[in-house]
Structure formats: C-alpha cells, structure tokens
Amino acid sequence: LLVDTFCRIKTECELHIRGRIISYEYAQFLEDKASEKNKSEHLYFHEPVSPEDLIQRASEHDVGMAFEVLANENRNLCITNKICTYMTSGLAVVATDTEGQKFIMSTVPEAGVLLSNSNPADIALEIDELLKDPQKLQAMKSASRKGAEEKYNWEMEKQTLTNLVKEFIKKD
C-alpha cells in the first residue's frame, strides 16, 4: 500500500522507510515497483535507530503515514507506536481508518487526514492536496505536535494508568 500510494503521488516528494526490511528480495520488489513509475531515486531505506533517536530522526520529515492492515481485530483496535511517534515528532499524519486511529484523529482532527479506504489512488490524491498547500501542511504539523504535548505522551498517559491502578487496588 505504501509504495503503491507513493508511485501515484504527482507532487514531487520522497518516501523514507525506516526499519528492517523482511528480505533483500522484498526491498528489491519495492524498488522495482517504484522504478516502474520513475520514482526509485526518491525511495530511501533506512536502518532502525534507537528509541532515543527515533523522534529526532522522524522530525526530519513532513508526513507520517500510519497505514494499517486489518489482519485481525486487535490490529483494528490498537493504537500503534508509529502514530504517537509521528505526532511527537511534529509530523502531519495520514492514517487509515482503524478504530484505534479513528479515536486518535477524532481527538486531534487538525493533525492530519483520516482515510476512509485503502485505495492507493485515493490516498495519493489526499497526499497531493496536502503537499500542494504548505500552509495546511504546517498547520497539521503544529496541531500534531500540540496533540502530543497536551495529550498523547507518556507523562499524560502515565497519570491515567496510575489512576486506573489505584482505583483497581481500592476495589480489593
């Protein structure tokens, strides 16, 4: 989905993929797919970085793509670390509409775009519109960062978790 979408984006941009690629063959498959659309020179693979460096490295970019495949109900309900990393890094978020991501984006709708389908052509159109409007992109990045600072960060969630544990202990 990610590379298919990237290949359909008309506005000049780059796709940076960070993490371990399953195999050399899979990386080659992605590069070949990008090459078919003359995009391979704008496709970059990066090694994983330490958790301490992840926010800094992610903040070097503009948009974080939180595309989730609904393999099971858990994947539908969970909120992955990547969407929180993108927000903490101040990236505009483009997310597929899993229940978990709908929840996040409903509380900070200015932080990005929630996609109602996983059609690469439709997603590419949304990204093109975003990339063509630098003011909108910057506003989304600012809202994303603000959402992380005010709500979606460990300091805030730690308090919520601590309160839940205290309530649970009181019930015993």
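Report follows, based on the coordinates. (Residues numbered from 1 in each chain as written. Predicted model: local features only at pLDDT ≥ 70, side-chain atom pairs only at ≥ 80, totals over all residues. Heavy atoms only, no water.)

### A word on the overall build of the protein chain
For the protein chain, the helix and strand inventory stands at nine helices and five strands. Counting from the amino terminus, the protein chain carries its helices and strands in the arrangement α-β-α-β-α-β-α-α-β-α-β-α-α-α. C-alpha extents for the protein chain along the principal axes are approximately 60 × 40 × 30 Å. Taken over 172 residues, the protein chain has a buried fraction of 35%. Excluding contacts between residues fewer than 6 apart, the proportion of contacts in the protein chain whose partners are at least 24 apart in sequence is 63%. Of the roughly 10800 Å² of accessible surface on the protein chain, 52% is carried by carbon and sulfur atoms. (Helix = DSSP H or I, 4+ residues; strand = E, 2+ residues; numbered from the N terminus. Buried < 20%, exposed > 50% of the residue type's maximum accessible area, 1.4 Å probe, protein only. Contact = heavy atoms within 4.5 Å. Areas by Shrake-Rupley, 256 points an atom, 1.4 Å probe, with all protein chains shown as cover.)

### What about helix H5 (residues 81-88)?
Those residues of H5 not exposed but buried are Ile83, Thr85, Tyr86 and Met87. Buried positions along H5 lie against helix H3 (51-58), strand E3 (63-66), strand E4 (92-96), helix H6 (99-107) and helix H8 (134-150). Note on H5: the residue one or two positions beyond its end, Gly90, has a positive phi of about 75 degrees.

### A word on the pattern of salt bridges
Taken as a whole, this structure holds eight salt bridges when the rule is applied. Between Lys33 and Asp4 there is a salt bridge whose closest N-O contact spans 3.3 Å. Taken together, the positions of Lys33 in helix H2 (residues 24-36) and Asp4 in helix H1 (residues 2-8) put the pair 29 residues apart, joining distant regions of the chain. A relative accessible area of 24% means that Lys33 is categorised as partly exposed. In this structure, Arg75 engages Glu68 in a salt bridge whose closest nitrogen and oxygen atoms are separated by 2.6 Å. Linked through salt bridges whose partners overlap, the residues forming this network are Glu68, Arg75 and Lys82. (Salt bridge = Lys/Arg side-chain N within 4 Å of Asp/Glu carboxyl O.)

### Observations concerning the nonpolar core
Leu15 and Val94 are the most contacted members of the largest nonpolar core, which has 22 residues in total. Of all the secondary-structure elements, those providing two or more residues to this core are H1, strand E1 (15-18), H2, E4, strand E5 (112-115), helix H7 (120-131) and H8. In terms of residue count, the dominant contributor to this core is H7 (four residues). Contacts of Leu15, omitting those with residues within four sequence positions, involve Leu2, Val3, Phe6, His42, Leu43, Tyr44 and Met65. Counting 14 residues, the second largest nonpolar core, distinct from the first, contains Val93, Ile104, Val108 and Tyr152. (Core = buried A, V, L, I, M, F, W, Y, C linked by side-chain atoms within 4.5 Å.)

### Points about the packing of H5 against H8
Closest axis-to-axis distance for the H5/H8 pair is 7 Å, and the angle between their directions is 110 degrees. As the angle between them shows, H5 and H8 are arranged roughly perpendicular. Listed contacts from H8 to Tyr86, Met87 and Thr88 of H5 are Ser144, Arg145, Gly147 and Ala148. Across the contact of H5 with H8, the residue classes tally to three nonpolar, three polar and one charged. (Axes fitted to C-alpha atoms, helices over the stretch in contact; angles between N-to-C directions. Parallel < 35°, antiparallel > 145°, perpendicular 65-115°, else oblique. Nonpolar A, V, L, I, M, F, W, Y, C, P; charged D, E, K, R; others polar.)

### Details of the sheet that holds E5
The strands making up a sheet are joined through hydrogen bonds of the backbone, oriented either antiparallel or parallel. With parallel pairing, the three strands of this open sheet are ordered in space as E3-E4-E5. In this open sheet, the two strands that pair with only one neighbour each are E3 and E5. Going from strand to strand, the sheet's axes swing by 10 degrees on average, the running direction of each strand aside. Judged from the four bridges that link them, E3 and E4 form a sheet pairing that is parallel. Bridge pairing links Met65 to Val94 in E4. Seen against the sheet, H7 touches E3, E4 and E5 and runs at an angle of roughly 170 degrees to E4. Across the sheet, H8 lies against E3, E4 and E5, angled at about 85 degrees from E4, the strand it touches most. (Pairing = 2+ DSSP bridges.)

That is the geometry; function is a separate question.
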